[in-house]
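Secondary and tertiary structure notes
Take a look at the letters that make up each chain.
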Amino acid sequence: MGESKRRKEKLGEDYGKQENILPWVPITKDQGEKFVKWTTQGAWIGIFAMIALWVIVRFVGPGFGWWDVT
C-alpha cells in the first residue's frame, strides 16, 4: 500500500487518469482502442457491401434482364 501512496503523491492531480499515446497527441490509449475497433468494424461492413454490390451487378441484374454482362 505504500507504493500506491508514493505514486499518488508523485502524480498529484494526474493520478488515476489515463496517459496519452504520445505526449504531443491529446488522445488516450482507451480512445485509440475505440478508434481501431470502429474502423475495423467499418472496414468489414465495407467489404460485405462491396460483395453484395458485386453479386447484384454480376448475377441479379442480368438475371432480371436489367443489363448484360459482357
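This is a predicted model, so every value here is computed, not measured.

The predicted model of the protein averages 88 in pLDDT, with 97% of residues at 70 or higher. Here helix H1 (residues 2-11) stands out as the least confident element of the protein, with mean pLDDT 79; helix H2 (residues 29-63) is the most confident, with 95.

Turning to a nonpolar patch on the surface, a few remarks are in order. A contiguous nonpolar surface patch, about 750 Å² in accessible area, is contributed by Trp44, Ile47, Phe48, Ile51, Trp54, Val55 and Phe59. Its place among the elements puts Trp54 in helix H2. Judged by relative accessible area, Trp54 falls into the exposed class, the value being 52%.

Here strand S1 (residues 20-22) pairs with strand S2 (residues 25-28) via two bridges, running antiparallel. Across the sheet, Asn20 pairs through a bridge with Thr28, a residue of S2. Hairpin connection of S1 to S2: two residues between the antiparallel strands.

We now examine H1. One turn of an α-helix holds 3.6 residues; hence residues three or four places apart share an orientation. The element H1 is largely exposed, with a buried count of zero among its 10 residues. Among the residues trailing H1, Gly12 stands out with phi positive, at a value near 65 degrees.

About the criteria used
- Residues numbered from 1 in each chain as written.
- Predicted model: local features only at pLDDT ≥ 70, side-chain atom pairs only at ≥ 80, totals over all residues.
- Heavy atoms only, no water.
- pLDDT = per-residue confidence, 0-100.
- Helix = DSSP H or I, 4+ residues; strand = E, 2+ residues; numbered from the N terminus.
- Patch = residues over 30% accessible without salt bridge, like charges linked within 9 Å, V, L, I, M, F, W, Y side chains within 5 Å.
- Areas by Shrake-Rupley, 256 points an atom, 1.4 Å probe, with all protein chains shown as cover.
- Salt bridge = Lys/Arg side-chain N within 4 Å of Asp/Glu carboxyl O.
- Buried < 20%, exposed > 50% of the residue type's maximum accessible area, 1.4 Å probe, protein only.
- Pairing = 2+ DSSP bridges.

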